Amino acid sequence: MTSKKSYLNKFRKKSKWVHANWEIVFSALFSQQAESSEYPNRIAGIIVTFFPTMASYLIDDYPCVSLTEFMLDYEAINQYPYQIGLHSLKF
């Protein structure tokens, strides 16, 4: 988690790239005839694992949750459940 080549650092780098290039990313998604009537206004970074992991206690800039935990948290409030790692877009 602390090395320059760690998965977390690679994820951070990719997340920053998506945030900096969101117009290109969304244009590509919509060119594939996405089934959405709304244009996104936020980007959420999240690390989803198959099983609960201790890494969730060590990562403080993104949620790190198991797929089951994410689905239960989402279902409880019927929307994206985490504020950390969530970025609003400026149009």
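Okay, so let's go over this structure.

Going through the model one piece at a time under the given rule, you end up with seven aromatic pairs. Centroid distance Trp22 to Phe26: 5.9 Å. Interplanar angle 55 degrees. Geometry classified as tilted. Here Trp22 and its partner Phe26 are both found in helix H2 (residues 22–31), four residues apart, which amounts to about one turn of the helix. Of the two residues, Trp22 and Phe26, neither departs from the other in class, the shared state being buried. Ring pairs connect the aromatic residues Phe70, Tyr74, Tyr80 and Tyr82, which therefore count as one cluster.

Before going further, it helps to spend a moment on the side chain of Thr49. In this structure, Thr49 sits in strand S2 (residues 47–49). Within polar-contact distance, the side chain of Thr49 engages the backbone oxygen of Phe51 at 2.6 Å.

Look at helix H1 (residues 7–20): 20 Å from first C-alpha to last across 14 residues, which is about the 20 Å you get at 1.5 Å a residue. Looking at the buried positions of H1, the neighbouring elements they touch are S2.

Once that is clear, we can look at unusual backbone geometry. Unusually for a residue other than glycine, Asn78 sits at a positive phi of about 60 degrees. We classify Asn78 as exposed; its relative accessible area is 62%.

Here the focus is the pattern of salt bridges. With the rule as written, the count across this model stands at one salt bridge. Residues Asp61 and Arg12 are paired through a salt bridge, measuring 2.6 Å at the closest nitrogen-oxygen approach. Within this pair, whereas Asp61 is found in the loop between helix H3 (55–58) and strand S3 (64–66), its partner Arg12 is found in helix H1, the two being separated by 49 residues in sequence. Of the residues examined, Asp61 reaches a relative accessible area of 26% and is grouped as partly exposed.

Further remarks concern the environment of Thr49. Along the sequence, Thr49 and Val65 sit 16 residues apart, while their C-alpha atoms lie 6.1 Å from each other. The contact partners of Thr49, leaving out residues within four places of it in the chain, are Cys64, Val65, Ser66 and Leu67.

This part covers the environment of Gly85. Following the sequence through the fold, Gly85 ends up in the loop between helix H4 (67–77) and strand S4 (86–88). C-alpha separation for the pair Gly85 and Val18, spaced 67 residues apart in sequence, amounts to 13 Å. Beyond its immediate sequence surroundings of up to four residues, Gly85 is in contact with Ile43, Ala44, Gly45, Asp61 and Tyr62.

Definitions and limits used
- Residues numbered from 1 in each chain as written.
- Predicted model: local features only at pLDDT ≥ 70, side-chain atom pairs only at ≥ 80, totals over all residues.
- Heavy atoms only, no water.
- Phe/Tyr/Trp six-rings, centres within 6.5 Å; stacked < 30°, edge-to-face > 60°.
- Helix = DSSP H or I, 4+ residues; strand = E, 2+ residues; numbered from the N terminus.
- Buried < 20%, exposed > 50% of the residue type's maximum accessible area, 1.4 Å probe, protein only.
- Polar contact = N/O pair within 3.5 Å; in protein donor to acceptor, adjacent residues only side chain to side chain.
- Expected span 1.5 Å × (residues − 1).
- Contact = heavy atoms within 4.5 Å.
- Salt bridge = Lys/Arg side-chain N within 4 Å of Asp/Glu carboxyl O.

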